Amino acid sequence: MVDEHAVRRISEGAEKMMSEQLLQLVACAERPTTRVHVVPAEMGLHVGLPGPLSLAHLPDGRWLGHLENQLGGDVVDRPDGLATLFERGESVRSEALSRRQSLDLIKKVASQWT
């Protein structure tokens with residue numbers, strides 16, 4: 001999930017680069033195993049704001065979580081930690097745009113910067 005503000009935020013002079021990055025995100029998100037959902041700006045404060053989190057289902061059936069911060073990241077593999085990440089992720093996901101709506105929004109924003 002990505003916050004709508006992150007999709008729309010741009011620095012003057014970086015429009016072309018931002019458009020290219022957004023289109024690369026779309027290309028990745030159109031893969032069958034990847035999902036990108038945009039959290040609409042009007043959602044306001046939510047539990048996903050403290051930073052990025054990723055959940056990965058491994059081939060052996062285990063789940064791993066990863067939390068990013070400015071100094072690196074932390075792997076989460078304990079059941080209680082994973083349960084918290086699933087709960088918080090689902091809380092945000094339930095308010096996010098659908099996959100198709102998210103990709104349409106990202107494409108629309110990317111086209112504005114070209």
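Data block above holds the structure.
Read on for a plain summary of the structure. Worth saying up front: this structure is predicted, and the values here are computed from it rather than measured. (Residues numbered from 1 in each chain as written. Predicted model: local features only at pLDDT ≥ 70, side-chain atom pairs only at ≥ 80, totals over all residues. Heavy atoms only, no water.)

### Digging into the overall build of the protein
If you tally the helices and strands in the protein, you get 4 helices and 5 strands. C-alpha atoms of the protein, sized along the principal axes, occupy 45 × 30 × 30 Å. The burial tally for the protein puts 25% of its 114 residues in the buried class. Partitioning the intrachain contacts of the protein with sequence separation of at least 6 by distance along the chain shows that 63% fall at a separation of at least 24. (Helix = DSSP H or I, 4+ residues; strand = E, 2+ residues; numbered from the N terminus. Buried < 20%, exposed > 50% of the residue type's maximum accessible area, 1.4 Å probe, protein only. Contact = heavy atoms within 4.5 Å.)

### Details of the sheet that holds strand β4 (residues 63-69)
As summarised here, the arrangement of the 3 strands in space is β3-β4-β5, forming an open sheet in which the pairing is antiparallel. Both edges of this open sheet fall to β3 (53-57) and β5 (72-76), since each of them pairs with a single strand only. Pairs of neighbouring strands in the sheet enclose a mean axial angle of 20°, with direction left out of account. Here 5 bridges tie β4 to β5, and the two strands are oriented antiparallel to one another. In the sheet register, Gly65 faces β5, and the bridge partner there is Val76. Taken strand by strand, helix α3 (residues 79-93) contacts β3, β4 and β5, and its axis lies near 70° from that of β4. (Pairing = 2+ DSSP bridges. Axes fitted to C-alpha atoms, helices over the stretch in contact; angles between N-to-C directions.)

### Some words on a nonpolar patch on the surface
A contiguous nonpolar patch, built from Leu53, Leu55, Trp63, Leu67 and Phe86 and spanning about 370 Å² of accessible area, is present on the exposed surface. Relative to the assigned elements, Phe86 resides in helix α3. (Patch = residues over 30% accessible without salt bridge, like charges linked within 9 Å, V, L, I, M, F, W, Y side chains within 5 Å. Areas by Shrake-Rupley, 256 points an atom, 1.4 Å probe, with all protein chains shown as cover. Salt bridge = Lys/Arg side-chain N within 4 Å of Asp/Glu carboxyl O.)

### Some remarks on the packing of helix α2 (residues 15-29) against helix α4 (residues 99-112)
Relative orientation and spacing of two packed helices are given, respectively, by the angle between their axes and the distance between those axes. Taken N-terminus to C-terminus, the directions of α2 and α4 make an angle of 155°; their axes are 9 Å apart at the nearest point. The orientation of α2 relative to α4 falls into the category roughly antiparallel. The two elements α2 and α4 cross, and the hand of that crossing is left-handed. On the side of α2, the interface is formed by Ser19, Leu22, Leu23, Leu25, Val26 and Ala29, while α4 contributes Arg99, Leu103, Ile106, Lys107, Val109 and Ala110. In terms of residue class, the contact of α2 with α4 is made up of 9 nonpolar, 1 polar and 2 charged. (Parallel < 35°, antiparallel > 145°, perpendicular 65-115°, else oblique. Left-handed = near helix turned anticlockwise from the far one by under 90°. Nonpolar A, V, L, I, M, F, W, Y, C, P; charged D, E, K, R; others polar.)

### Remarks on the pattern of salt bridges
Scanning the model with the defined rule gives 6 salt bridges in all. We note a salt bridge from Arg100 to Asp104, for which the minimum N-O separation is 3.9 Å. Separated by 4 residues within a single helix, Arg100 and Asp104 lie in helix α4, roughly one turn from each other. Note on Arg100: relative accessible area 43%, which makes it partly exposed. For Asp104, a relative accessible area of 40% corresponds to the partly exposed category.

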